[in-house]
Structures are given as C-alpha cells and as structure tokens.
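Here is how the chains run, residue by residue.
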Amino acid sequence: MSLLHRIEHLHDVFAWEGDMPTQGRYTAGIAGERFFREIQEHGRFVGTVCTLCDITYVPPRLYCERCFEHLDEWVEVPTTGRVYTFTTVHLDLDGNHLPEPRLMAFVQLDGADGGLVHYVGEAQPEDICIGMRVEAVFKDKEERKGSILDIAYFRPISTG
Amino acid sequence: MKEFVYDSVYLRSRDFEQGLALFETWDPNARYAWDAGVAIGGYLKGLKAGKLVGRFCPQCARVMIPPRMFCEHCFCATDYWVDLQDTGTVITYSLCYVTWDMARLEEPLIPAVIEIDGASPGMGIMHMLGDVEPDAVEIGMRVQAVWKPAAERTGAITDIAHFKPLDRP
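In this text the structure is predicted, and so the values were computed from the model without any measurement.

## Some details on the overall build of chain B
- Counting its secondary structure elements, chain B contains two helices and eleven strands.
- Within chain B, contacts between residues at least 6 apart in sequence are counted, and of these 51% link residues at least 24 apart.

Pasting the structure below:
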C-alpha cells in the first residue's frame, strides 16, 4: 500500500468541523483618521508631505516610508486623478457573482505620489482606459461616515 | 533627522461606541475542518458501520487499535485493516464523581481502558462503562460495546454509547 492516499470521494474523508468566533476592529490610525474626517466633513483629500524626499503621501502617512522622518506638513490635494490601472470585478469577497460587474481602478491622484483603489462609475467597461482622467464623486454629507465608501466612485471627467 | 515622539493615543470602548474613533469591524469566517487522517478516518468509518477495526504491523505482528499508519515500535508502515470484536477486558477504570467542567455528580461516570478482543495484548481504547453498578466494576471484567442505532451513528467514538458487562455463559 502506498503511503500517499488520494482522496477520490469527499465522503471518504472524516473531518471534525469547528468554528472560532473572532471579531476584529481595525482603527484608521492618527493619519487615517484625519484623512477620512476631511472626506466626511469637507469632501476633500489631504496628504502629508516629506520635504526631504519630495513625496506627497495620499493616503497620508505619519512617517516617511523612505527616510522615516516624521511628517507634520499637511496639504490638500485635488479630488481628480488618472486611471493608473483598472479591472472589472465579477465576484464578491465570498466568491459569489455580483448582480452587475463593477469597474475598479487604482486612481493616481493629482498632486500626490499615491492614489486610491476605488470604483469607477458613470462609465462602461469599453470606455475606460489607462490614463483616463477621473474625479471623485462623494456621497451626500449626511450619508458620509468617515469611510473610504464616503467616496461613491470616481467618474470620467468629460473633456467636453 | 529630528526626533519626534507622537503623543500616545489611548482608545477606550466609549471612543468606539460614540464614534469618536474611525474603525472597521471584521468578522473572519473561521470555520475549519480537521481531517482525521487515513488511520483514524478508517476507524471512524468502522464505528459508523458498527464495528471496531485495527491495523496490522507486519514486522512485530501486532494488531493495533486505535489504528495508526506507522508502528510506533518498529516505525514500519502498517499493512492492512483487521476487523476486531466489540468485546474486551477492562484493564483499568475510574469512578469519576465530577464532570469535565467540574460539576459534582451523585452517580459516578466510569471511564475505563478496554483491551479489545482480536487486538494484541494491551491494545485498547478508552470508553465509558454503563449498565453496571459502580461497586461491581473490577479489573479483568469482560465487557461488550453497546452501539447506538445505525441511524444515530455519525462516525465518532460516541457511536458506542458505552461498554456493558458481558454476560458470561
């Protein structure tokens, strides 16, 4: 008999099933808190600047990732940017099919060295392209909760 | 580089309850299944079918229960399955007046190690004795498995309800 057995039928396997009740809370942190509060209260993006490295961090960091300098210079950056890369999402986090596929993009924000991964709305998959100019669409202020989803989506800027 | 120490921020439960701190909650789906393995899997399958099975070591010619894929004496791969009796002999036992979670019991539980007939000497399993007065239990007592009805068996050691004294002829 070989030592390795290939399981060919699931009912041949005896397994004990269990569940571990766990719950996590993930705080935004000091810089993240300020970033989301600015979105919630004012519908604008802020970042931190490392003058030594000439980097503007959006989302903001408290420390420069390159030189570890503490960052206390805050700047507002535009809510516009360009599509750095994109994809069409068909499945949710549990692997179920979405009622409608959704467009997602990494948006490189103007005036910043970072960007945000978010939905792209008011656009069809065939419309989107790398380098496309987009702008953030915020939810109404009373619906905003200080979350990344306070941004409803990014939409193409009509070049008219 | 200038030195900087950020003021410590302590978060208390009210900071979360009153929405003073932004946070995400996350409930990971932590369901798991623990594979019983080939040897114990076959053992549990046997229990579901209402029989006790062991494994045979070709080198030291031992029949082992609970079954294992390797002989722990000679490290030799065990060879084949052996059907065993559901009768055996009490090797040791205990009268237990507390439950596992330390509740006091009036009537004791009687866990015992039972050497199974058909397996090599000393090869046994641990189970409960039942249908017996605590005073009547003794080492060397002959016992037999009391199986749950087939429909209630799930492939677990509890498919045997308990062991009861074997009526001597």
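## Quick word on the sheet that holds strand 3 (residues 45–50) of chain A
All names here are of chain A.
- Taken together, three strands build an open sheet; the order of strands is 4-3-5 and the sheet is antiparallel. Edge positions in the sheet fall to strand 4 (55–57) and strand 5 (73–77), since each of these pairs with one other strand and no more. The sheet shows a mean angle of 40° between the axes of neighbouring strands, taken without regard to direction.
- In this sheet, strand 5 lies alongside strand 3 in antiparallel orientation, the contact comprising five bridges. Bridged to Val46 within strand 5 is Glu76.

## Some words on the interface of chain A and chain B
- Counting residues at the interface gives 26 residues for chain A and 27 residues for chain B.
- Listing elements by their share of the side of chain A that touches chain B, those giving two or more residues are strand 1 (15–19), strand 2 (24–27) and helix 1 (29–42) of chain A.
- A total of five residues in the side of chain A that touches chain B trace back to one element, the largest contributor, which is strand 1 of chain A.
- With five bridges joining them, strand 1 of chain A and strand 2 (residues 31–35) of chain B adopt antiparallel strand pairing. Across the sheet, residue Trp16(A) finds its bridge partner in strand 2 of chain B, namely Trp34(B).

## Looking at the sheet that holds strand 5 (residues 81–84) of chain B
Residue and element names in this part refer to chain B.
- Strand order in the open sheet formed by three strands is 4-3-5, with antiparallel pairing between adjacent strands. Looking at strand neighbours, the two that pair on one side only are strand 4 (62–64) and strand 5, the edges of this open sheet. Pairs of neighbouring strands in the sheet enclose a mean axial angle of 40°, with direction left out of account.

## With respect to helix 1 of chain A
- With 14 residues, helix 1 of chain A extends 19 Å from end C-alpha to end C-alpha; this agrees with the ideal 20 Å at 1.5 Å per step.
- Trailing helix 1 of chain A by a residue or two, Gly43(A) shows a phi angle of about 60°, which is positive.

## What about unusual backbone geometry?
- Here the bond from Val58(A) into Pro59(A) is cis, since omega is -5°, no more than 30 degrees from zero.
- With respect to the helices, strands and loops of the structure, Pro59(A) is situated in the loop between strand 4 and strand 5.
- In this structure, Pro66(B) follows Ile65(B) across a cis peptide bond, with omega equal to -5°.
- Tracing the backbone shows Pro66(B) in the loop between strand 4 and strand 5.

So, how was this worked out
- Residues numbered from 1 in each chain as written.
- Chains lettered and ligands numbered in written order.
- Predicted model: local features only at pLDDT ≥ 70, side-chain atom pairs only at ≥ 80, totals over all residues.
- Helix = DSSP H or I, 4+ residues; strand = E, 2+ residues; numbered from the N terminus.
- Contact = placed C-beta atoms within 7 Å.
- Pairing = 2+ DSSP bridges.
- Axes fitted to C-alpha atoms, helices over the stretch in contact; angles between N-to-C directions.
- Expected span 1.5 Å × (residues − 1).

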